[in-house]
Amino acid sequence: MGAEIVRYANYVAEVDAEAGLASRLRLAVVRLTRRLRAQRINSAISLTQVSALSTLHKCGPLTPGELAAREGVQPPSMTRVIAALEEYGFATRRPHPTDGRQAIVELSESGMSYINEEVSAREAWLDKRLAELTPEERGVLSRAAGIIDRMAGQ
């Protein structure tokens, strides 16, 4: 009887640990994201605008509709974002080569520089935090990064 109680207690502890993993992981990702966002080089530009710039950096030139779809926003909202990015000199619009009703949005040279500086600032902060860890901890995080990418469908 005593061995069964111990097995049951161990089982319950394992189930509780697994159930708490989702919550702990979610909170850790949120906290890390918040800290990375705080490493911004220019707070005048909104996070929505930074996200649109990042998408253009990753995907290359897109129509406003394509950019809106990738960002998960409505086209009128993206039109305002693009206008602001043009005002900052971070993005340009040019006519679509085959559809006169469309435009192509792309990063300008200063937009490319801005994104590169943003990424560098965040990675520098993260590099400092990683340097504080043991080699074993960095190894765990390296494996976890691959798993998280897989979970995110990347």
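Residues numbered from 1 in each chain as written. Predicted model: local features only at pLDDT ≥ 70, side-chain atom pairs only at ≥ 80, totals over all residues. Heavy atoms only, no water.

Draft legend 1. Highlighting the nonpolar core. Among the nonpolar cores identified, the biggest contains 18 residues, and Ile 45, Leu 53, Leu 67, Met 78, Leu 85 and Tyr 114 are the most heavily contacted of them. When contributions to this core are tallied by element, the ones reaching two or more residues are helix 2 (47-59), helix 3 (64-71), helix 4 (75-88), strand 2 (103-107) and helix 5 (109-131). (Core = buried A, V, L, I, M, F, W, Y, C linked by side-chain atoms within 4.5 Å. Buried < 20%, exposed > 50% of the residue type's maximum accessible area, 1.4 Å probe, protein only. Helix = DSSP H or I, 4+ residues; strand = E, 2+ residues; numbered from the N terminus.)

Draft legend 2. Just the environment of Thr 55, in detail. Assignment of secondary structure puts Thr 55 in helix 2. Judged by its relative accessible area of 12%, Thr 55 falls in the buried class. Taking the C-alpha atoms as reference points, Thr 55 and Leu 67, separated by 12 residues in sequence, lie 7.5 Å from one another. Contact partners of Thr 55, with chain neighbours within four places excluded, come to Gly 60, Leu 62, Leu 67, Arg 70 and Glu 71. (Contact = heavy atoms within 4.5 Å.)

Draft legend 3. Spotlight on helix 5. Here helix 5 contains 23 residues, and its C-alpha end-to-end distance of 32 Å stays within 8% of the 33 Å for a straight helix at 1.5 Å per residue. Looking at helix 5, one finds that the buried residues are Gly 111, Tyr 114, Ile 115, Glu 118 and Trp 125. (Expected span 1.5 Å × (residues − 1).)

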